[in-house]
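Structural overview
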Amino acid sequence: MNFDQPSVQEPQQESQEKKPTLHTPNYEVLLTEFGKKHPEKIETIRTVLDEFDEQGIKNFSIFRSEAMPGVAFSHTKLTITTELINKLSKNSAVAETEMATKKEIEGKEENTNAKRQDYFLFGAFAFPPEGGNAFGVEDLAIDRFIRLLPRVAGPIKRGEVPPEVNVHLLGAPTGFGGAVNEKWIENIEKNGLDGHAKLYAEFISRQEPADGKDVHVVLQGVSKGAIIAEKTSKYLPEELQKNTQRLLDNPAGEHKKQGVTKWLKGTQIAGAMIGETISRILLDSTMRNLMKFGGPFIEKLSKETGIPTDNDEQKKLKLKATMGEALALLKGSPMDTENTRSFIRRGIYDPLTFTPKRLLEIWQKDNKKNGTFPFFQKGKSLEVPFKSPGHFFIYDRFERWNKILGYSEKAGEKKNSA
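Conventions and cut-offs
- Residues numbered from 1 in each chain as written.
- Predicted model: local features only at pLDDT ≥ 70, side-chain atom pairs only at ≥ 80, totals over all residues.
- Heavy atoms only, no water.
- Helix = DSSP H or I, 4+ residues; strand = E, 2+ residues; numbered from the N terminus.
- Buried < 20%, exposed > 50% of the residue type's maximum accessible area, 1.4 Å probe, protein only.
- Areas by Shrake-Rupley, 256 points an atom, 1.4 Å probe, with all protein chains shown as cover.
- Expected span 1.5 Å × (residues − 1).
- Polar contact = N/O pair within 3.5 Å; in protein donor to acceptor, adjacent residues only side chain to side chain.
- Salt bridge = Lys/Arg side-chain N within 4 Å of Asp/Glu carboxyl O.
- Pairing = 2+ DSSP bridges.
- Axes fitted to C-alpha atoms, helices over the stretch in contact; angles between N-to-C directions.
- Contact = heavy atoms within 4.5 Å.
- Phe/Tyr/Trp six-rings, centres within 6.5 Å; stacked < 30°, edge-to-face > 60°.
- Patch = residues over 30% accessible without salt bridge, like charges linked within 9 Å, V, L, I, M, F, W, Y side chains within 5 Å.
- pLDDT = per-residue confidence, 0-100.
- Parallel < 35°, antiparallel > 145°, perpendicular 65-115°, else oblique.
- Nonpolar A, V, L, I, M, F, W, Y, C, P; charged D, E, K, R; others polar.

On a plain count of helices and strands, the protein chain comes out with 15 helices and nine strands. Taking all 418 residues of the protein chain together, the buried fraction comes to 54%. Accessible surface computed for the protein chain: about 19600 Å², of which carbon and sulfur atoms make up 53%.

The element helix α5 (residues 138-147) is extensively covered by neighbouring structure, given that 10 of its 10 residues are classed as buried. Within α5, burial applies to E138, D139, L140, A141, I142, D143, R144, F145, I146 and R147.

The next point concerns helix α13 (residues 312-331). Here α13 contains 20 residues, and its C-alpha end-to-end distance of 29 Å stays within 8% of the 28 Å for a straight helix at 1.5 Å per residue. Those residues of α13 that fall on the buried side of the exposure criterion are Q314, L317, K318, A321, T322, G324, E325, A326, A328 and L329. Capping the start of α13, N311 holds a side-chain oxygen 3.2 Å from the backbone nitrogen of E313, two or three residues further along. Phi turns positive one or two residues past the end of α13, at G332, with a value near 110°.

All chains considered together, the criterion is met by 18 salt bridges. One salt bridge connects R116 with E208, and the closest N-O pair in it is separated by 3.9 Å. Of this pair, R116 sits in strand β3 (residues 116-122) while E208 sits in the loop between α8 (194-207) and β5 (215-222), and the two are 92 residues apart along the sequence. Salt-bridge contacts for R206 lead to E202; the nearest nitrogen and oxygen are separated by 3.0 Å. Residue R206 and its partner E202 are both found in helix α8; the two are separated by four residues, about one turn of the helix. Three or more residues are tied together by salt bridges with common partners; here these are E51, E83 and K87.

Moving on, we come to the sheet that holds strand β4 (residues 164-170). Spatially, the nine strands line up as an open sheet ordered β1-β2-β4-β3-β5-β6-β7-β9-β8, and their pairing is mixed. The sheet terminates laterally at β1 (61-64) and β8 (376-378), the two strands that pair on one side only. Strand-to-strand, the axes of this sheet are offset by a mean angle of 25°, without reference to chain direction. Where β3 lies against β4, seven bridges are found, and the strand directions are parallel. Looking at the pairing, Y119 lines up with V167 of β4. This element, helix α9 (residues 224-233), spans β3, β5, β6 (244-249) and β7 (342-347) of the sheet and lies at about 145° to β5.

Before going further, it helps to spend a moment on the packing of aromatic side chains. Centre-to-centre distance and the angle between the planes together describe a pair of aromatic rings. A complete count under the given rule lists 15 aromatic pairs for this structure. Consider the rings of F60 and F135, whose centres lie 5.7 Å apart with planes at 5°: the pair is stacked. With F60 in the loop between α3 (42-58) and β1 and F135 in the loop between β3 and α5, this residue pair connects regions lying 75 residues apart in the sequence. Consider the rings of F135 and F297, whose centres lie 5.5 Å apart with planes at 85°: the pair is edge-to-face. With a gap of 162 residues between them, F135 in the loop between β3 and α5 and F297 in helix α12 (residues 285-305) connect regions that are remote in the sequence.

On the surface, a cluster of nonpolar side chains totalling about 300 Å² of accessible area is made up of F127, L319 and M323. Tracing the sequence through the fold places L319 in helix α13. Accessibility expressed as a relative area gives 45% for L319, which makes it partly exposed.

This next bit is on the confidence of the model for the protein chain. For the protein chain, the mean per-residue pLDDT works out to 82, and 79% of the residues sit at or above 70. Taken as a whole, residues 1-16 scores under 50 in pLDDT and shows 31 contacts with residues more than four places along the chain or in a different chain. Under a pLDDT of 50 for its full length, residues 92-105 has, in the predicted model, 32 contacts with residues more than four places off or in other chains.

Moving on, we get to the packing of helix α7 (residues 182-191) against α13. Contact pair α7 / α13: the axes reach a minimum separation of 9 Å and the direction vectors enclose 10°. When the interaxial angle is binned, α7 and α13 end up roughly parallel. Along the contact surface, α7 presents E182, W184, I185, I188 and E189, while α13 presents L317, K320, A321, G324 and E325. When its residues are assigned to classes, the contact of α7 with α13 shows five nonpolar, one polar and four charged.

Here it is as structure tokens:
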């Protein structure tokens, strides 16, 4: 396995002008929404989204487990390249915009000077076939991809060799390109989401050196994916764990499995998910547009990659496995916050986990007047509340994106003029 630095040679003109022939569901939606707020950056965001789609579709592949024969999931990888930073510099038409000085709270990220930096993204619960493929975590991935641009643009601006920065989008066995069998379903029924954690740990272990040398790994998950991301880390090689961090957004179903509380929390989760899904479909135009593009995209992706859609047997097995996952979430899949150091972000009004008691605790500890956030220590983990309209939220941090894109444009310009 090669862990060398990425090439910093000047890109050829042909590769600069190459455009993807197929676009992902978020492409048109985010291009339109971002363009409404920052029309001066429309070509810049288009360049980033073109790069995202070109790499994401080209690298779309299937991981077939050796430890769990017959089980597979889709994945793809994005790399922030010097070529992309150079492309961005061609779009610069506005005054330099500096990076935001106030960083969004998501914990202190360590070892960010590592030569190789890998981010593995875990998605939320979703029904097949549209849900559960690697692009099901696309909104999170686009946000992470943009926010990591300075990690490469910064060294370029300083005349240094940038690190290799990769973003991995992880699908689920129940999604397009994935595969399940009866043994997998039995595992879910018996052990909940633990089998998912072992599966993803097998994949990640193949991507990284076992000794964890010169790498920085972040496992980021949302909703069900947050639970799986936390559980995955404990199955990684011990040395690699030392260079691995966890960022968990709105974990769902992490309550304890014992007692009456289990069923009360399970009922809350089920009702909240159904209610929010219906309200999003009725009231959220962004969600409706994404749903509209989902089915046709899978059909085109199948033709583009040559990966067939599911036969009738797999459709039945995947539906059964999906229902098993839903039941596991309702029963509860506790996270090990006592022994695992994770950073947890949870919406104050997340209907899946909201309680009056927690709201009171936040109010009592709220330090907004001092410009800080109320942290809550949970064993070795830290949790911070944030304002969110619900459990599901689109990673559309347009103002931050605008500043990052401006910074990255200028970094590329500096290199080209050197």
